[in-house]
Amino acid sequence: MWRYQRPGFKALLLAELQRQRRCRQFCDKVLRAEGVSVPAHSYILSALSPQLSCALSTAPAPPSGQSQLLDFQVFGACTLVRLVGLLYSGRWWERGRRRGRK
């Protein structure tokens, strides 16, 4: 059996997903807290959080070409931005230092 594995594929995939989010490309969800909106992909949210997966699967789909707005009032804007960053990178950033590294 022959197998090919592209070097750096995981890093490339992760970088591309982050780029698409920053450019709002294919983002079908907008998360909002304290007036700050953060674009996201429902497949990333649902793949990494069972709670979000359940919530997204029961919510009605937005009209074609439009993003669904999800309001988060449980935490602040900074936490929301960091949380989405965690979902897209696997790292939690805090002011002045980095966490999540081994």
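To be clear, the structure that these remarks concern was listed above.
This structure is a prediction, so every number in the text was calculated from the model and none was measured.

Conventions used here
- Residues numbered from 1 in each chain as written.
- Predicted model: local features only at pLDDT ≥ 70, side-chain atom pairs only at ≥ 80, totals over all residues.
- Heavy atoms only, no water.
- Pairing = 2+ DSSP bridges.
- Helix = DSSP H or I, 4+ residues; strand = E, 2+ residues; numbered from the N terminus.
- Axes fitted to C-alpha atoms, helices over the stretch in contact; angles between N-to-C directions.
- Buried < 20%, exposed > 50% of the residue type's maximum accessible area, 1.4 Å probe, protein only.
- Expected span 1.5 Å × (residues − 1).
- Contact = heavy atoms within 4.5 Å.
- Core = buried A, V, L, I, M, F, W, Y, C linked by side-chain atoms within 4.5 Å.
- Phe/Tyr/Trp six-rings, centres within 6.5 Å; stacked < 30°, edge-to-face > 60°.

Q: Describe in detail the sheet that holds strand β1 (residues 29-33), supporting the description with residues and values.
A: Spatially, three strands are ordered β2-β1-β3 in an open sheet, and the strand pairing comes out mixed. Taken across any chain shown, the strands that pair with only one partner, and hence form the sheet edges, are β2 (36-40) and β3 (68-71). Each strand axis lies, on average, 25° off the axis of its neighbour in the sheet, ignoring direction. As defined by bridge partners, β1 adjoins β2 across five bridges and the pair is classed as antiparallel.

Q: Can you tell me about unusual backbone geometry, naming the residues and giving the values?
A: Of note, the phi angle at Arg 24 is positive, near 60°, even though the residue is not glycine. The exposure class of Arg 24 is partly exposed, given its relative accessible area of 49%.

Q: So what's going on with helix α4 (residues 77-89)? Which residues, and what values?
A: End to end, α4 covers 18 Å across 13 residues, agreeing with the expected 18 Å (1.5 Å per residue, within 8%). Check the buried side of α4 and you find it contacts α1 (9-22), β1, β2 and α2 (42-48).

Q: Tell me what's going on with the packing of α1 against α4, and back it up with residues and numbers.
A: At a closest axis distance of 9 Å, the pairing of α1 and α4 adopts a crossing angle of 145°. In this structure, α1 uses Leu 14, Leu 17, Gln 18 and Arg 21 to contact α4, whose residues at the interface are Val 84, Tyr 88 and Ser 89.

Q: I'd like a description of the pairing of β3, backed by residues and values.
A: Burial of the side chains of β3 is restricted to one face: Gln 68 and Leu 70 are buried, whereas none of Leu 69 and Asp 71 on the reverse face is. Both β1 and β3 contribute to a ladder of four bridges, which runs parallel. Counterpart to Arg 32 in the pairing with β3 is Asp 71.

Q: Explain the nonpolar core residue by residue, including any values.
A: By size, the foremost hydrophobic cluster in this structure holds 15 residues, and its most contacted members are Leu 31, Leu 45, Phe 72, Leu 80, Val 84 and Tyr 88. Elements with a minimum of two residues in this core: β1, β2, α2, α3 (50-58) and α4. Here the element with the most residues in this core is α4; it accounts for four residues. Among residues more than four places away in sequence, those in contact with Leu 80 are Leu 31, Arg 32, Ala 33, Val 36, Val 38, Phe 72 and Phe 75.

Q: Which residues make up the packing of aromatic side chains, and what are the values?
A: What the rule picks out here adds up to two aromatic pairs. Ring geometry for Trp 2 versus Tyr 4: centroids 6.3 Å apart, planes at 10°, classification stacked. Residue classification places Trp 2 among the exposed residues on the basis of a relative accessible area of 72%. Using a relative accessible area of 56% as the deciding quantity, one classes Tyr 4 as exposed.

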